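Coordinate analysis (summary)
Residues per chain, in single letters:
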Amino acid sequence: MHEIPVSIEVNARERRALLEPRATLADFLREACGLTGTHLACEHGVCGACTVLLDGAAVRSCLIFAVQADGQSVTTVEGLTPEDGTLNRVQQAFWNNHGLQCGFCTPGFIVSVEALLRDNPHPSDEEIREGLSGNLCRCTGYQGIINAVREAAGN
Amino acid sequence: MKPAQFEYHAPTSTLEAVTLLKNHVDEAKVIAGGQSLVPMLALRIARFEHLIDLNRIEELRGIRLEGDTLVVGALTRQSSAEHSELVARHVPLLHRALPKIGHFQIRNRGTIGGSIAHADPASELPCVALCLGATMTLVGPNGSRTVDASDFFISIWQSSAEPDEILSHVAFPVATGTSGFAIEEFALRAGDFAIAGVSCAVTLDSDRRVARASIAFMGMGPTPLRAHEAESALVGTRADAVDCAATARLAVEATTPGDDVHASAAYRTRIAASLAATALRRALEEADNA
Ligand SMILES: Cc1cc2nc3c(=O)[nH]c(=O)nc-3n(C[C@H](O)[C@H](O)[C@H](O)COP(=O)(O)OP(=O)(O)OC[C@H]3O[C@@H](n4cnc5c(N)ncnc54)[C@H](O)[C@@H]3O)c2cc1C
Ligand code: FES
Ligand code: FES
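The shown structure was predicted, so the numbers you read here are calculated from the model rather than taken from an experiment. (Residues numbered from 1 in each chain as written. Chains lettered and ligands numbered in written order. Predicted model: local features only at pLDDT ≥ 70, side-chain atom pairs only at ≥ 80, totals over all residues. Heavy atoms only, no water.)

Residue and element names in this part refer to chain A. What the domain assignment lists for chain A is domain 1 (4-78) and domain 2 (89-153). Placing the centre of domain 1 and that of domain 2 at their C-alpha centroids yields a distance of 21 Å. Each partner contributes to the interface: domain 1 provides 16 residues, whereas domain 2 provides 13 residues. Between domain 1 and domain 2, a total of about 1100 Å² is buried, with carbon and sulfur atoms accounting for 62% of that surface. For domain 1, the biggest contributors to the area lost against domain 2 are His 39, Thr 51 and Val 77; these three give 39% of the whole. Inspection of the region where domain 1 meets domain 2 yields zero salt bridges. In this assembly, domain 1 and domain 2 are joined by five residue pairs in polar contact (both at pLDDT 80 or more). (Domains from an automatic or database assignment. Contact = heavy atoms within 4.5 Å. Buried area = accessible area lost by both parts, 1.4 Å probe. Salt bridge = Lys/Arg side-chain N within 4 Å of Asp/Glu carboxyl O. Polar contact = N/O pair within 3.5 Å; in protein donor to acceptor, adjacent residues only side chain to side chain.)

Next up, the structure:
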């Protein structure tokens, strides 16, 4: 099956690749761009590990084909992190509150929480839980993650 | 797992999309938000030679008031409708149903038309469409036609749309007069598909008696289901004199739930009756206080 040229702005840098239409946005980010912070676990929309911002909106990058995002802009967890290697506010809050253990789910959580706090800077506990419901963690437990969001929100 | 190979098409008009669909019918599927289709492709439950992407068709997007209906373009994202003033003001039931769909990341991509075309009996939007008597406009090679919600949902994941037809928009009747609405559902976790759910719409006359009532269930059969008998029984009763629990028990008799790993049919029926009583009470109270 023939490949299609795709051009996507990733973390403020234009990236091009030649891809089969069935390559997902996550495949493009990980394989064509080498941005392996976007994790793939279930690859069918359930876990949220692959969450990225597409034109600013948090979405599952395993449920979008890269060809569909042609001409759009994507922010990955790498793009949310300071260049000097320090942690951003949300990442630091996860660190401080035992918001991660193995870390596999963490990039998806970080991206979702960035979107959540951008749209609602001081969410209630209920809104935090609701906002986290689309991301699964299989080892830390959610209390630390909820505490991390509270801290990042300054609640 | 990864989807099987397919050829990708990105038309920019409905006409172009319909032509593509007609030329590849049987081997082609349209993709909107992809939030149901891509998982099915990834799990290889479904496989198509051609995918026709609707996302670049501007004319399928948008929400506008047209007479006594609110017309929602099929490609309108669930999140845009959720935050739309027009939806909140004119179709409160839709406004309340939207946040119950999955998670915000799903609604950022999933579309109104995709959810209705997908015709999942456990989904919120088909239930709301049926409850309110929305109409679906389908565009095919021979022009367009409009189908009432009561004729649209045929079976699980099956609508009356032909394989070469595209859902272009959904028209929801706007709320008028003394009316009240409620949607209630029970799911194992926030964002999961409901084990059972129900939506309710009532309109009262000037004597505060029920003039019209609609009760629609989700997850209680192969399609969303209306409880016609219970609805008729409500008509003429004063809003504050309705026996909600008894009406709800009558309403669930119209359903045909199945057993699955999450719940037995009997359990579903008990949950649905309890949810229906709550939804009916809330809708009646809202109308009575309007
Ligand atoms: C984790 C998760 C949780 C979810 N939870 C819920 C939930 O609680 N409740 C719920 O209702 N849904 C839920 N969904 C499904 C979600 O709402 C989907 O967005 C929706 O069912 C399909 O809309 P879509 O735009 O994504 O359509 P797609 O996935 O692109 O398409 C679905 C089907 O509809 C057809 N189709 C789409 N648009 C059109 C059109 N305009 N004309 C003709 N055919 C069309 C496609 O060909 C395909 O067969 C969930 C999804 C995920 C991944
Ligand atoms: S990998 Fe995308 S949701 Fe699980
Ligand atoms: S930290 Fe291990 S899965 Fe979440």
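Structure shown, so let's carry the discussion forward.
Below, the discussion takes up the site of ligand 1. The environment of ligand 1 is formed by 31 residues, the closest being B:Val30, B:Gly34, B:Ser36, B:Leu37 and B:Thr111. The site occupied by ligand 1 is bordered by residues of chains A and B. B:Ala32 is positioned with one of its backbone polar atoms (N or O) 2.7 Å from an oxygen atom of ligand 1. One nitrogen or oxygen atom from the main chain of B:Gly102 is found 3.1 Å from an oxygen atom belonging to ligand 1. In isolation ligand 1 offers 960 Å² of accessible surface; the protein chains occlude 93% of this area. Take the shell around ligand 1: its biggest share by element is four residues, from helix α7 (residues 112-118) of chain B. (Near = heavy atom within 4 Å. Areas by Shrake-Rupley, 256 points an atom, 1.4 Å probe, with all protein chains shown as cover. Helix = DSSP H or I, 4+ residues; strand = E, 2+ residues; numbered from the N terminus.)

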